[in-house]
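Letter by letter, the chains look like this.
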Amino acid sequence: MARVVVEVMPKAEILDPQGQAIVGALPRLGFEGISDVRQGKRFELDVDDSVGDAELEQIAEALLCNTVIEEWKVTRLS
């Protein structure tokens, strides 16, 4: 059994309204010096050792992200 993390982020050229809302709120809360925030998603999967990297990539592309506007990265933790 292995733990796999799939991180999904908006592509750099895609506007991120949630990230911009956070950037706007930080100074109002007293936090200075932060010029940009990008908000993404993190998925943690427990997979059998039989699940290969190619299959994990298929899962990420088909189900966990919108490949038109998002990038993804798969990392095996154990």
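Structure shown above.
It should be emphasised that the depicted structure is a prediction, and the values quoted were computed from it without experimental measurement. Numbers given for residues are sequential positions, taken from 1 along each chain in its written order. Selection of residues for local features in this predicted model requires a pLDDT of at least 70, selection of side-chain atom pairs for listing and counting requires 80 or more, and totals for whole chains, interfaces and linings are taken over all residues. Computation of side-chain values: all heavy atoms of the structure, hydrogens and water removed.

A.B. asks: Account for the overall build of the chain, naming residues and giving values.
C.D. replies: The helix and strand tally for the chain stands at 2 helices and 3 strands. Helix and strand labels come from DSSP, where a helix needs a run of H or I of at least four residues and a strand needs a run of E of at least two; each type is numbered from the N terminus. Seen in sequence order, the chain has helices and strands lined up from the N terminus as β-α-β-α-β. Any residue under 20% of the maximum accessible area for its type is buried, any over 50% is exposed, and the rest in between are partly exposed; the area is computed with a 1.4 Å probe on protein chains only. Per-residue burial over the chain gives 24% buried out of 78 residues. Distance between charge centroids for the chain: 5 Å, based on 8 positive and 15 negative side chains. In this tally, Asp and Glu contribute negative charge and Lys and Arg positive charge; neither His nor the terminal groups of the chain are included. Charge coordinates come from a single atom per side chain, which is NZ of Lys, CZ of Arg, CG of Asp or CD of Glu.

A.B. asks: An account of the sheet that holds strand E3 (residues 70-76) is needed here, citing residue identities and associated values.
C.D. replies: Spatial strand order, E2-E1-E3: 3 strands in an open sheet with antiparallel pairing. Here the strands that pair on one side only, and so sit at the sheet edges, are strand E2 (41-47) and E3. On average, each strand axis in the sheet is tilted by 20° relative to the strand beside it, whichever way the strands run. In this analysis, two residues are considered to be in contact whenever any of their non-hydrogen atoms come within 4.5 Å of each other. Angles here are taken between N-to-C directions and fall from 0 to 180 degrees, while the axes themselves are lines fitted to C-alpha atoms, restricted in helices to the stretch in contact. Along the sheet face, helix H2 (residues 53-64) touches strand E1 (2-10), E2 and E3 and points at about 145° away from the line of E3. DSSP calls a pair of strands paired once it identifies at least 2 bridges connecting them.

A.B. asks: Pulling in residues and values, what's your account of H2?
C.D. replies: For H2, the set of buried residues is Leu56, Ala60 and Leu64. What you see down the axis of H2 is that its buried residues fit within an arc of 45°, all on one side. Of the exposed residues in H2, those oriented more than 90 degrees away from the buried face are Ala54, Gln58 and Ala62. On its buried side, H2 packs onto E1, E2 and E3. Relevant arc is that of directions from the helix axis to the C-beta atoms, nothing else.

A.B. asks: Which residues make up the side chain of Glu70, and what values go with them?
C.D. replies: Here Glu70 is to be found in strand E3. At 2.7 Å, the side chain of Glu70 forms a polar contact with the backbone nitrogen of Asn66. Polar contact is defined as a pair of N or O atoms within 3.5 Å, subject to the rule that within protein one atom must be able to donate a hydrogen and the other to accept it, and that residues adjacent in sequence are counted only when both atoms are side-chain atoms.

A.B. asks: A description of the side chain of Asp16 should follow, citing residues and the corresponding values.
C.D. replies: Tracing the sequence through the fold places Asp16 in the loop between E1 and helix H1 (17-28). For Asp16, which is buried and forms no salt bridge, the nearest opposite charge comes from Arg38, at a distance of 4.3 Å. A distance of 3.1 Å separates a polar atom in the side chain of Asp16 from the backbone nitrogen of Gly19. Salt bridges are defined as contacts in which a side-chain nitrogen from Lys or Arg sits within 4 Å of a carboxyl oxygen from Asp or Glu.

A.B. asks: Just give me the short version of the pattern of salt bridges, but keep the residues and values in it.
C.D. replies: For the coordinates displayed, the defined rule picks out 5 salt bridges. The shortest N-O distance in the salt bridge between Arg3 and Asp46 comes to 2.6 Å. Remark: Asp46 occurs in strand E2 and Arg3 occurs in strand E1; sequence separation between them is 43 residues. Shared partners join several salt bridges into a network, and the residues in it are Arg3, Arg42, Glu44 and Asp46.

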